[in-house]
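Chain by chain, the residues run as shown.
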Amino acid sequence: MTGFARRAERVEPSAIREFLSLAGDPAITSFAGGYPDATLFPIEELHQIYADLLTRGSAGALQYTASEGLPQLRALVAQRLTADGMPCTAEDVLITQGGQQGLDLTAKLFIDAGDVIVTERPTFLGAIIAFNPYEPRYRSVPIDDEGMDTDALEQVLRTTERVKVIYTVPDYQNPTGQTMSLTRRTRLVELAEEFDAVILEDTPYRELRYEGERLPTIKSLDRTGRVVHLGSFSKILAPGLRLGWALSSPEVRDKLALLKLAADTQNGTLNMRAAAHYLSRFDLEGHIASMLPTYRHQRDLMLTMLEEHFPDGTTWTRARGGLFTWVTFPEGLDMARFQRDLLIPRAGVIVVPGAPFFAVQPERNHARMSFSGVPDDRIVAGVSAMGALLHEALSG
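Here the structure is a predicted model, which means the values were calculated and not measured.

(A) Region of interest: the packing of helix α2 (residues 43-53) against helix α9 (residues 269-281). Contact geometry of α2 with α9 gives a least axis separation of 10 Å together with a crossing angle of 120°. One way to sum up the angle between α2 and α9 is to call them oblique. In this structure, α2 crosses over α9, and the sense of that crossing is right-handed. Across the interface between the two elements, E45, L46, Q48, I49, Y50, D52 and L53 of α2 pack against L270, N271, R273, A274, H277, Y278 and R281 of α9.

(B) Expanded view of helix α11 (residues 335-347). A rise of 1.5 Å per residue sets the reference length of α11, with its 13 residues, at 18 Å; its end C-alpha atoms lie only 14 Å apart and thus fall more than 12% short of the reference. D341 marks where α11 bends most, by close to 25°; the proline P345 follows one to four residues later. All of the buried residues along α11 are M335, F338, Q339, L342 and L343. N-capping of α11 is provided by D334, with a side-chain oxygen placed 3.1 Å from the backbone N of A336. Positioned one or two residues after α11, G348 has a phi angle of 65°, which is positive.

(C) Focus on unusual backbone geometry. In this structure, the amide linkage connecting R121 to the following residue, P122, adopts the cis form with an omega of 5°. By secondary structure assignment, the location of P122 is in the loop between β3 (116-121) and α5 (125-131). In this structure, the amide linkage connecting N174 to the following residue, P175, adopts the cis form with an omega of 25°. Here P175 lies in the loop between β6 (163-168) and α7 (182-195). In this structure, Y172 takes a positive phi of about 55° despite not being glycine. Owing to a relative accessible area of 5%, Y172 belongs among the buried residues under this scheme. Phi is positive for R242, close to 55°, though the residue is something other than glycine.

(D) Expanded view of the nonpolar core. Judged by nonpolar contacts, the single largest core of 90 residues is most densely connected at L73, F131, F233 and M369. It is helix α10 (residues 284-309) that provides the largest number of residues to this core, a total of 10 residues. With residues up to four places along the chain from it excluded, the contact list for F233 reads L73, V77, A238, L243, W245, L279 and L284. V116, V141, A192 and A197 belong to the second-largest nonpolar core, a separate cluster that totals 19 residues.

About the thresholds
- Residues numbered from 1 in each chain as written.
- Predicted model: local features only at pLDDT ≥ 70, side-chain atom pairs only at ≥ 80, totals over all residues.
- Heavy atoms only, no water.
- Axes fitted to C-alpha atoms, helices over the stretch in contact; angles between N-to-C directions.
- Helix = DSSP H or I, 4+ residues; strand = E, 2+ residues; numbered from the N terminus.
- Parallel < 35°, antiparallel > 145°, perpendicular 65-115°, else oblique.
- Left-handed = near helix turned anticlockwise from the far one by under 90°.
- Contact = heavy atoms within 4.5 Å.
- Expected span 1.5 Å × (residues − 1).
- Bend = angle between axes of the 7 residues up to and from the residue.
- Buried < 20%, exposed > 50% of the residue type's maximum accessible area, 1.4 Å probe, protein only.
- Polar contact = N/O pair within 3.5 Å; in protein donor to acceptor, adjacent residues only side chain to side chain.
- Core = buried A, V, L, I, M, F, W, Y, C linked by side-chain atoms within 4.5 Å.

Structure, rendered in structure tokens:
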């Protein structure tokens, strides 16, 4: 058999997927997945829409459509983006298979083997998985309670050749939940212009804001067409629709569209029609607003339990939105080993150990914990049991 292409060596299984195989076990309490709460999906509205679409008079919902995406859906997405400070039309929008395809297509467009992608430290694991087949080198910069450290970014840009892309999740970052300040968003755009880099802005959690002010997108600050803005319906409608979007300059959009044509021809017409009908017939903003109290409650309960049960020397982030808190344990605790040897067999709890979220130089004393979709009693019991085992492990 002919050998695999070199890029196949960079394709690795997701640490999250490995743990999620356990999540279906009713005895397991999972804080691992970044799944939205399924009880909040607009089931009745979507049932009505699909029933209307799957009739003889609507057979076009099962037909091919434009590779760039259903024109009606692109126009409706453009309206929402314009209202969010990014003036655009349907022609500027590319519909993607969720936000993940946007990551893949952007890396495919800009990265040659050996080019550099700058990420936050830590960064979204799914982005690393998407980027790896294109054989980049990575540099990373710290993230704090104001988001990406732009002073550290400037130092990287001044000392590193072939930086092509700066990747960021500015709103309620995965995995830390942190938000980039307006000052740093502005500085990021200035640095990208100075060093001729592309900014890849990933915003799947932007609408899930529980407190604090709504900050402008990085794309809204873009004056030279170097920001590729990605969004998704996964967290605000339903992830199974596999619908996201990319907003970029016309030149970039056209090339991304050609790459999408080569990859999959188009998104499923039926799901795009359904999303367009939902946006036209129902109140998406009202639906989002109705979800927020549930997520806010789940976040607050988890943070309260962490405060009550986790040992001294452990810290965590207080996300103002999104689905995650990032927990840092005392140095010397290997979270993957702790989970394998103690947390799963004795408490029936899973989290995502932090090491895979580092593009370079993994740190093992962290975990990403998701509060979304976990019943109150499970949050209380799961965090309590995890805290007891941490006290045991750290005192031994």
